[in-house]
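Understanding the architecture of this molecule
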Amino acid sequence: MDLDQLTAIDIHTHAEEPCCGPRDDGYDEFQAGMAQYFKNPAGASGMLPTVRETAAYYRERKIGCVIFPVDSERETGFRRYSNEEVAEIAAENSDIMIPFASIDPAKGRAGAREARRLVREFGVRGFKFHPTMQGFYPNDRSAYPLYEAIAEEGAITLFHTGQTGVGAGMRGGMGMRLKYSNPIYLDDVAADFPDMPIILAHPSFPWQEEALSVATHKPNVYIDMSGWSPKYFPPILVRYANTLLKHKMLFGSDWPAITPDRWLADFAKIDIREEVRPLILKENAKKLLNL
């Protein structure tokens, strides 16, 4: 990865299409709901990009990207995209792509073993958690064996926070419960694993101040700004991005729900200081990922 040639690093992109054959029951409806909420066609049948197509898209734009699946099999019934396959494709495109993985914390010690193997054998750099889709509180001690493995392997954790549109408008919100994604629960995790980097993904609506508080208080906590167009960012998020947290804010799009083209165009129009923009777009991620 030639960092000098990259204009930005997108810390938050999804591997969406299942690797195991046709889509599972309900997956089309789920993606159609996402497409309606985010006003893009990505959820339509055949419209979700493959990991290789994602790499080509980002290479064309000279943007590095962190990519991951989401293991929500237990709660949604949707088969996860193979962590190994995502990592292998990322390795084929290592000039532009960095692999994260996803493991349901309910897998306990088996999940911890998988995490160690993915780091050691597949070069996985971090792990994505989605408390709303996975149905768990991040500070539940049952998740700690997995966190311990990740921390000991020197990897990064990235947690969905707040409400970004997943399941929005669907009957019963697809059974997803927003309470799990309050970022205040990650304060416990940050205190108990002080050397493990933790990224709070998204503007954390309706708990933005909780997220800012945790990131300000705990040195190992960062915020990625994905999942929302920057034109909708709350003023307090922009204020902290310009000041106290300027070295801890990260560019993320939430591809394919939001494209980097759209995110970057809107980011250019908001009141971010010129000296802070390169920190958010690339330098903070470069340091965090040790690139």
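Here the structure is shown first, and the text comes after it.
What this report covers is the structure whose coordinates are included nearby.

1. Topic: the pattern of salt bridges
Considering all chains together, one arrives at twelve salt bridges under this definition. Note that K107 is salt-bridged to D71, the shortest N-O span being 2.7 Å. Placement of K107 in the loop between β3 (97–101) and α5 (108–122) and of D71 in the loop between β2 (63–68) and α3 (73–76) is noted, with a sequence separation of 36 residues between them. With its nearest N and O atoms 2.6 Å apart, the salt bridge here joins E153 to R120. Within this pair, whereas E153 is found in the loop between α7 (144–152) and β5 (156–160), its partner R120 is found in helix α5, the two being separated by 33 residues in sequence. The network of salt bridges with shared partners includes R116, R120, E152 and E153.

2. Notes on unusual backbone geometry
A cis geometry characterises the amide bond from F205 onward to P206, with omega recorded as 5 degrees. For P206, the location among the structural elements is in the loop between β6 (198–201) and α9 (208–217). The peptide bond linking W255 to P256 adopts the cis configuration, its omega dihedral lying at 5 degrees. Along the chain, P256 turns up in the loop between β8 (249–250) and α11 (260–267).

3. Some words on the nonpolar core
By size, the foremost hydrophobic cluster in this structure holds 81 residues, and its most contacted members are F127, Y147, I198, M249, I280 and L289. Here the element with the most residues in this core is β2; it accounts for five residues. Ignoring anything within four residues of it in the chain, the contact list for F127 reads F100, A101, I103, A115, L118, V119, I150, A155, I156, T157 and L158.

4. A closer look at the packing of aromatic side chains
Applying the stated criterion across every chain yields a total of 16 aromatic pairs. The interplanar angle of 90 degrees and the centroid separation of 5.6 Å between the aromatic rings of F129 and Y147 together place this pair among those described as edge-to-face. One end of the pair, F129, is in strand β4 (residues 126–129); the other, Y147, is in helix α7, and 18 residues separate them in sequence. Among the aromatic residues, those joined into a ring-pair cluster are F129, F136, Y144, Y147, F159 and F193. One cation-aromatic arrangement involves R61 over Y57; the distance from NZ or CZ to the ring centre is 3.5 Å. Positioned above the aromatic ring of F267 is the side chain of R277, whose terminal nitrogen or guanidinium carbon lies 5.0 Å from the ring centre.

About the thresholds
Position numbers for residues count from 1 along each chain, tracking the sequence in the order it is written. With pLDDT at 70 or above as the cut-off, local features in this predicted model cover only qualifying residues; side-chain atom pairs require 80 or more to be listed or tallied, and sums for whole chains, interfaces and linings still use all residues. Hydrogens and waters are ignored; side-chain quantities use all the structure's heavy atoms. What counts as a salt bridge is simple: a side-chain nitrogen of Lys or Arg found within 4 Å of a carboxyl oxygen of Asp or Glu. Secondary structure elements follow DSSP: runs of H or I no shorter than four residues count as helices, runs of E no shorter than two count as strands, and numbering proceeds from the N terminus. What is meant by a nonpolar core is a set of buried Ala, Val, Leu, Ile, Met, Phe, Trp, Tyr and Cys residues, joined one to another through side-chain atoms within 4.5 Å. The classification of residues rests on relative accessible area computed with a 1.4 Å probe and restricted to protein chains. Under 20% of the type maximum is buried, over 50% is exposed, and intermediate values are partly exposed. Residues are treated as being in contact if the distance between any of their heavy atoms lies within 4.5 Å. Note on aromatic pairs: the rings of Phe, Tyr and Trp (six-membered ring only in Trp) are paired at centre separations within 6.5 Å, and the planes decide the class, stacked below 30 degrees, edge-to-face beyond 60, tilted for the rest. Note on criteria: charge over ring means Lys NZ or Arg CZ within 6 Å of the ring centre, with the direction from the centre no more than 35 degrees off the ring normal.

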